[in-house]
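Geometric and topological summary
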Amino acid sequence: MSRRVKTAAAQLGPIHRADSRASVVKRLVEMLKEAAGRGSTFVVFPELALTTFFPRWWIEDPAEIDRYFEAQMPSPETLPLFELARQKGIGFYLGYAELVEEAGRLRRFNTSILVAPDGRIVGKYRKVHLPGHVEHRPAAPYQHLEKKYFEVGDLGFNVWKMFDSGARVGQCICNDRRWPETFRVMALKGAEMVVLGYNTPTDNVYAPHEPPYLRVFHHNLSIQAAAYQNGIWVVATAKAGREDGFWLHGGTAIVAPTGEIVAKANTEEDEVIAYDCDLALGEYIRNTTFNFAKHRRPEHYRLIADRTGVEIETEN
Ligand code: CDV
């Protein structure tokens, strides 16, 4: 059996604060239809794909905060996407803000799911590397309050078998892509493809001198290195454009295990890109240069798992 996954990345243009869930789901549905029409069997949507990137806003009213969260998945609003995907026999990745009651309390996560072509949710991930801050920074041009609105994900980095080909698919979210550990853990679990969504401001609020072109360069650098160093496909989908005036960069891309970008978006609007991903392509990389079993030396990597921050230790 051919081990290929016809994969689409469905980039979203801006979603404004006033936009309704129904209007967003309609856009997702349209893109899923387009992907299906182009023969794709897997569609990757962005991070927090159902709302504006609300962590840029300081919000005090708990009810207003919870308006951005999903207490149910699928919900009556998102069901049309699940139904269409099932009709078309398409799997998808979707990022959203998750509100859940667990261990007797309400918990909030920046979450993504993998949905099989029969409409079942087969995999869930909760974002581990939450960027930003907790406190209000009134002098900043905008906030980045992921650390206020979400808990650190507690599910780890995992891999799921999907499709008739049994493709081994891992998932992560946005800032996770900048951390090599993210991909290496999933590669050690046998991932052949890692998919992710992102919302990346074009300017770096912590380093205003950083030019916008470097933001896109660092995005590409991260996903291309991750693909090559693990011999895997990486699919990264943006929410892009100016949301209520705040600019998120595009750059949605499908990266081959060679590290080459094989498809990329060229707008900052709703745009579907697609590629027929041959899962066998990464095998030679995983069997040669990055044959983990043969060449890794975990005895020299212990510090990576044991230490979080830098403690200066020099040999002279
Ligand atoms: N949503 C994100 O995680 N955004 C971060 C920004 C803040 C740098 C990112 O890594 O793209």
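The structure this text deals with has already been given above.
Residues numbered from 1 in each chain as written. Predicted model: local features only at pLDDT ≥ 70, side-chain atom pairs only at ≥ 80, totals over all residues. Heavy atoms only, no water.

**Re helix 3 (residues 79–88)**
- Taken together, the buried positions of helix 3 are occupied by Leu81, Phe82, Leu84 and Ala85. Considered in projection along helix 3, the buried side chains sweep an arc of 165 degrees and stay on one side of the axis.
- Where helix 3 is buried, its residues meet helix 1 (21–37), strand 3 (91–102), strand 4 (105–115) and strand 5 (121–126).
- Just past helix 3, the residue Gly89 takes up positive phi, approximately 70 degrees. (Buried < 20%, exposed > 50% of the residue type's maximum accessible area, 1.4 Å probe, protein only. Helix = DSSP H or I, 4+ residues; strand = E, 2+ residues; numbered from the N terminus. Arc of directions from axis to C-beta. Contact = heavy atoms within 4.5 Å.)

**Overview of the pairing of strand 3**
- Counting buried residues in strand 3 gives 10 out of 12 residues, a clear majority hidden from the surface.
- As defined by bridge partners, strand 2 (residues 42–44) adjoins strand 3 across 3 bridges and the pair is classed as parallel. The partner of Phe42 across the bridge, within strand 3, is Gly91.
- Here strand 3 folds back onto strand 4 in antiparallel fashion, the turn holding 2 residues, of which Ala103 has a positive phi close to 50 degrees. (Pairing = 2+ DSSP bridges.)

**Section: the sheet that holds strand 5**
- Spatial strand order, 5-4-3-2-1-14: 6 strands in an open sheet with mixed pairing. Only two strands of the sheet have a single partner each, and these edge strands are strand 5 and strand 14 (271–278). Ignoring which end each strand starts from, the neighbouring axes of this sheet average 35 degrees apart.
- Two strands pair when backbone bridges link them, and strand 3 and strand 4 are joined in this way by 11 bridges, in the antiparallel orientation. Residue pairing for strand 4: Val100 is matched across the bridge by Arg107. (Axes fitted to C-alpha atoms, helices over the stretch in contact; angles between N-to-C directions.)

**With respect to the sheet that holds strand 6 (residues 159–162)**
- Ordered by their spatial adjacency, 6 strands build an open sheet running 6-7-8-9-12-13, and the pairing between neighbours is mixed. Lying at the two open borders of the sheet, with one neighbouring strand each, are strand 6 and strand 13 (261–264). Taking the axes of each pair of neighbouring strands and ignoring which way they run, one obtains an average angle of 20 degrees across the sheet.
- Bridge count between strand 9 (residues 233–238) and strand 12 (residues 253–255): 3 bridges; the pairing is antiparallel. Its bridge partner lying in strand 12, Val234 is registered against Val255.
- The sheet contacts of helix 5 (residues 180–188) involve strand 6, strand 7 (167–173), strand 8 (193–198) and strand 9, and relative to strand 7 the element is tilted by about 160 degrees.

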